[in-house]
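Structural overview for review
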Amino acid sequence: MIIREMKIEDYEEVYKMWQITTKRALSKADEKPQMERYLKHNCGMSQVAVIDGKIVGTVLAGHDGRRGFIHHMAVAPEYRRRRIGHALAETAIKKIGEQGIDKTHIFCYQNNETGQSFWRDFGFKKRDDVFVYSFDNDKL
Ligand SMILES: CC(C)(COP(=O)(O)OP(=O)(O)OC[C@H]1O[C@@H](n2cnc3c(N)ncnc32)[C@H](O)[C@@H]1OP(=O)(O)O)[C@@H](O)C(=O)NCCC(=O)NCCS
């Protein structure tokens with residue numbers, strides 16, 4: 001297995017995998033132009049895991065100048081429980097750390113028990129003191 005930077009050329013293959021692994025988290029922000037902007041904005045930070053030329057895992061990593069954020073941490077079902085997710089998350093966090101950012105946040109659906117178990121196992125601490133509030137910018 002190799003872990004390498006995700007490029008916009010990977011988009012179609014990655015998006016196909018996300019439709020299996022991450023479907024409910026997909027939104028307009030995951031369309032190709034938006035993903036191209038994201039990858040440019042967070043240059044070199046997002047990663048894919050590749051086995052025999054096939055993308056089997058992804059992690060989007062970026063920061064806002066203050067905190068790091070990971071999105072779309074995903075491994076294709078037939079490749080799970082082999083520490084691929086851990087390897088991807090570790091690379092993403094190192095990339096965020098290299099930018100001088102000292103904390104990384106993730107969002108996880110409350111009923112995603114696999115996701116929660118994964119992040120706990122990795123060492124992430126669940127926050128009980130914050131809610132996520134969101135606003136659609138076109139409502140202004
Ligand atoms: C979460 C996900 C990325 C984990 O990838 P992975 O490569 O299987 O994870 P790893 O092998 O690196 O980590 C395994 C550890 O995570 C935890 N874990 C992973 N899957 C688990 C599951 N189905 N049930 C319970 N614990 C699980 C365990 O602690 C496990 O250690 P173990 O195998 O020794 O028991 C993968 O299951 C996935 O793509 N899920 C769908 C997308 C998703 O929910 N992403 C997270 C969004 S917040």
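To be clear, the structure that these remarks concern was listed above.
Residues numbered from 1 in each chain as written. Predicted model: local features only at pLDDT ≥ 70, side-chain atom pairs only at ≥ 80, totals over all residues.

1. Brief notes about the overall build of the protein chain
Tallying secondary structure elements over the protein chain gives four helices and five strands in all. When its helices and strands are written in sequence order, the protein chain yields β-α-α-β-β-β-α-β-α. Computed over its C-alpha atoms, the radius of gyration of the protein chain comes to 15 Å, within 12% of the 14 Å expected for a compact globule of 140 residues. Taken over the C-alpha atoms alone, the protein chain extends approximately 45 × 35 × 30 Å along its principal axes. The proportion of buried residues among the 140 residues of the protein chain is 21%. Considering only residue pairs separated by 6 or more positions, the protein chain has 59% of its internal contacts joining residues 24 or more positions apart. (Helix = DSSP H or I, 4+ residues; strand = E, 2+ residues; numbered from the N terminus. Rg over C-alpha atoms; globule rule 2.2 N^0.38 Å. Buried ≥ 20, exposed ≤ 12 C-beta atoms within 10 Å, placed from the backbone. Contact = placed C-beta atoms within 7 Å.)

2. Concerning the nonpolar core
Counting residues in each nonpolar core, the largest one holds 21 residues, and the members touching the most others are Val 59, Ala 61, Ile 70, Met 73, Leu 88, Ala 89 and Ala 92. Elements with a minimum of two residues in this core: helix 1 (11–21), helix 2 (32–41), strand 2 (47–51), strand 3 (54–63), strand 4 (68–75) and helix 3 (84–98). Broken down by element, this core gets its largest block of residues, five residues, from helix 3. (Core = buried A, V, L, I, M, F, W, Y, C linked by C-beta atoms within 7 Å.)

3. Structural notes on the sheet that holds strand 4
Spatial ordering of the open sheet is given by 1-2-3-4-5, a layout of five strands whose pairing is mixed. Whereas interior strands pair on both sides, the edge strands pair on one side only; in this sheet they are strand 1 (2–5) and strand 5 (104–106). Adjacent strand axes in the sheet meet at a mean angle of 25 degrees, parallel and antiparallel pairs treated alike. Across the sheet, helix 1 lies against strand 2, strand 3 and strand 4, angled at about 90 degrees from strand 3, the strand it touches most. (Pairing = 2+ DSSP bridges. Axes fitted to C-alpha atoms, helices over the stretch in contact; angles between N-to-C directions.)

4. Here we look at the pairing of strand 3
Burial within strand 3 is extensive, with eight of its ten residues counted as buried. The pairing of strand 2 with strand 3 spans five bridges and is antiparallel. Across the sheet, Ile 51 pairs through a bridge with Lys 54, a residue of strand 3. Between strand 2 and the antiparallel strand that follows it, strand 3, lie two residues; Asp 52 among them carries a positive phi value of about 50 degrees. Where strand 3 meets strand 4, six bridges bridge the pair, whose relative direction is antiparallel. For Gly 62, the partnering residue across the bridge sits in strand 4 and is Phe 69. Here strand 3 folds back onto strand 4, and the loop between the two strands holds four residues, one of which, Gly 65, carries a positive phi near 95 degrees.

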